[in-house]
Amino acid sequence: MTDAVDDSFKTTDRRAVLSWALFDWAAQPFFTLVTTFVFAPYFASSLAATPAEGQSLWGFATAAAGLGIAITAPILGSIADATGRRKRWIFAFSVPFVICCWAFWFAAPGNPDGILIALIAFAVGTFCIEVATVFNNAMMPTLVPPARVGRLSSFGWAMGYVSGLVTLVIALGFLAARPDTGKTLLGLVPLFGLDPATGEGDRAVGPFSTLWYLVFVLPLFLFVPDAPQQARFGAAIRSGLRSLRESLAQARANRNIFLFLLANMVFKDGLVALFAFGGIYAAGQLGWGSIEIGTFGIILTITGTLGLLLGGPMDDRFGAKPVILFALIVLMICGLGMISIDKTTVFFVIKTAAAPEGVLFGSLPEKMFIVLGGIIGAVSGPLQASCRSLLIRLAPQESITQYFGLLALSGKVTSFLAPLAVGVVTAMTASQPAGMSVILLFFGVGLILLMRVRERGAE
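Residues numbered from 1 in each chain as written. Predicted model: local features only at pLDDT ≥ 70, side-chain atom pairs only at ≥ 80, totals over all residues. Heavy atoms only, no water.

### A short note on helix α17 (residues 432–450)
One full turn of an α-helix is made of 3.6 residues, so residues set three or four places apart face in the same direction.
At step 1: Under the 1.5 Å per step criterion, the end-to-end length of α17 is 29 Å for 19 residues, consistent within 8% with the ideal 27 Å.
At step 2: Residues of α17 that are buried: G435, M436, V438, I439, L440, F442, F443, G444, G446, L447, L449 and L450. (Helix = DSSP H or I, 4+ residues; strand = E, 2+ residues; numbered from the N terminus. Expected span 1.5 Å × (residues − 1). Buried < 20%, exposed > 50% of the residue type's maximum accessible area, 1.4 Å probe, protein only.)

Below is the structure:
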């Protein structure tokens, strides 16, 4: 990693660049361990009355967080642009975030307030870390020249992917265990005497995420330069809100930015649904349990990291738009392939033998699902990293934090649509593949809209 930083950022303070990227490293366990692979399944299967109720409640909490982000991120971004400071905002939202992560430990079975604790901690924690990410993104133009923005963005995403991989291995290998065997994914007894029967290993990922964040976010505050103070807070609020109104009007008037934000809104909805329902789909169509899904998550993290290592240089060489277009095409092809798979079928019509009992990923459908999922993981990271580098190339630099707020807004404001569409179609057809196929439409519409965006060259 050090050599990559040296080669890519020769005109920049390398310590500042690495410290900036450590924010993604610090925050990633929340998304990997809490939101996706460990705590969320525990909540649905062990804390809520039924898995269906758990999924419903978790969805409501996600929607609440998304609505809060949609409303506040552009406003806070405009205020931060007016004041010039970003690190103080990151600190302000980091405090409640780490408290929320620690609170997951108290969401225990039998605790009458366990469900409420988990939902509040998840909603508030998601809101805080997503808003903090807006301000962290907005620091990129101060760290590297425009020609290096794509590589910096991908480097940050890669740091997050590696962090997700490392922490997922730690959680599944040493903390969380199966209740029936009492052993972790590595066949070990959980550390610290964590009791699988009460989900202590699953709940421990909350405090673990807190400690991980506190340790690795510290270099950001110590070594990354911040913009100088430009205005007092009261004046900044008035100036920021006025600037926000102007930027919204400019975004509507600027065809490029408007089309990009609209495209981002559509295909990010599809991406949200893909990751939200991917584990559920694998469980229903392939009969996978926590061990298989956790292992699948590790594989996706590895391929995602490799994809980002290639995506950054490709972004800088060919531009962000071609990278995003390529990723969307691959997502559509691989998504179609994945919905063609069940326990004994590949590509809708090819019949195969079911998986042998007790053999991990022993059938052809499982192997194909892993291959297609790995490719999806490889293009999803560059897709998201290139979105923020494309915005930097499209938006005026003096209002960049504000536009990152608009990017967050476009990625969250309709994030309920794709999951809702999947749920409605699945209910109408009683078919998981039919429901998941709706996601491909979101990728397709986003692709068409993005093709009309004109990217200016890196300067």
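More follows now that the structure is in view.
### Quick word on the confidence of the model for the protein
At step 1: Per-residue confidence for the protein gives a mean pLDDT of 80, with 79% of residues at or over 70.
At step 2: Predicted confidence for residues 1–11 stays below pLDDT 50, and this span has 18 contacts to residues more than four positions away or in other chains. (pLDDT = per-residue confidence, 0-100. Contact = heavy atoms within 4.5 Å.)

### Thoughts on the environment of F135
At step 1: The topology assignment puts F135 in helix α6 (residues 114–137).
At step 2: Spatially, the C-alpha atoms of F135 and R85 are 9.1 Å apart, while their sequence positions differ by 50 residues.

### A few points about the packing of aromatic side chains
At step 1: One pass over the structure, following the stated rule, counts 16 aromatic pairs.
At step 2: Ring geometry for F23 versus Y213: centroids 6.3 Å apart, planes at 75°, classification edge-to-face. With a gap of 190 residues between them, F23 in helix α2 (residues 14–37) and Y213 in helix α9 (residues 205–223) connect regions that are remote in the sequence.
At step 3: Overall, Y213 belongs to the buried group, its relative accessible area being 1%.
At step 4: Relative to F104, the ring of F30 has its centre 6.5 Å away and its plane inclined at 40°; by these criteria the two rings are tilted. You can see F30 sitting in helix α2 and its partner F104 sitting in the loop between α5 (87–103) and α6, a full 74 residues away along the chain.
At step 5: A cation over a ring is seen here: R203 above W105, with NZ or CZ 4.7 Å from the ring centre. (Phe/Tyr/Trp six-rings, centres within 6.5 Å; stacked < 30°, edge-to-face > 60°. Lys NZ or Arg CZ within 6 Å of the ring centre and 35° of its normal.)

### Focus on the packing of helix α13 (residues 320–338) against α17
At step 1: In contact at an axis separation of 10 Å, α13 and α17 are set at 155° when each is read in the N-to-C sense. Here α13 is positioned roughly antiparallel relative to α17, judged by the angle of their axes. Note on packing geometry: the crossing formed by α13 with α17 is left-handed. Contacts from K321, I324, L325, L328, I329, L331, M332, G335 and L336 in α13 reach L440, F443, G444, G446, L447 and L450 in α17.
At step 2: Residue classes in the contact of α13 with α17 are distributed as 11 nonpolar, 3 polar and 1 charged. (Axes fitted to C-alpha atoms, helices over the stretch in contact; angles between N-to-C directions. Parallel < 35°, antiparallel > 145°, perpendicular 65-115°, else oblique. Left-handed = near helix turned anticlockwise from the far one by under 90°. Nonpolar A, V, L, I, M, F, W, Y, C, P; charged D, E, K, R; others polar.)

### Some points on the side chain of T295
At step 1: Take T295: it is sitting in helix α12 (residues 290–318).
At step 2: Sequence-distant contacts of T295, defined by excluding residues within four places in its chain, comprise L185 and F361.

### Observations regarding α5
At step 1: With 17 residues, α5 should cover 24 Å at 1.5 Å per step; its first-to-last C-alpha distance of 25 Å lies within 8% of that length.
At step 2: Along its length, α5 reaches its greatest deviation from straightness, about 25°, at S94, and the proline P96 lies no more than four positions downstream.
At step 3: Among the residues of α5, those classed as buried are K87, W89, I90, F93, S94, F97, V98, C100, C101 and A103. (Bend = angle between axes of the 7 residues up to and from the residue.)

### Here's the deal with the nonpolar core
At step 1: Formed by 125 residues in total, the largest nonpolar core has its most connected members in F39, Y213 and F260.
At step 2: A per-element tally of this core places helix α11 (residues 255–286) first, with 15 residues.
At step 3: Among residues more than four places away in sequence, those in contact with F39 are L33, V34, W58, F104, A107, A118, D202, R203 and V205. (Core = buried A, V, L, I, M, F, W, Y, C linked by side-chain atoms within 4.5 Å.)

### Some points on unusual backbone geometry
At step 1: Unusually for a residue other than glycine, F192 sits at a positive phi of about 60°.
At step 2: Locating F192 in the fold gives a position in the loop between α7 (149–175) and α8 (200–203).
At step 3: Owing to a relative accessible area of 74%, F192 belongs among the exposed residues under this scheme.

### A look at the environment of F221
At step 1: Looking at where F221 falls in the secondary structure, it is placed in helix α9.
At step 2: C-alpha of F221 to C-alpha of A16: the two residues are 205 residues apart in sequence and 9.9 Å apart in space.

### Considerations on the packing of α5 against α9
At step 1: Between α5 and α9, the least distance of the axes is 8 Å, while the angle of their chain directions is 165°. In this view, α5 runs roughly antiparallel relative to α9, as classed from their interaxial angle. As for the relative orientation of α5 and α9, their crossing is left-handed in sense. Contact residues: α5 offers K87, I90, F91, S94, F97, V98, C101 and W102, while α9 offers G206, P207, S209, T210, L211, Y213, L214, L220 and F221.
At step 2: Residue composition of the contact of α5 with α9, by class: 12 nonpolar, 4 polar and 1 charged.

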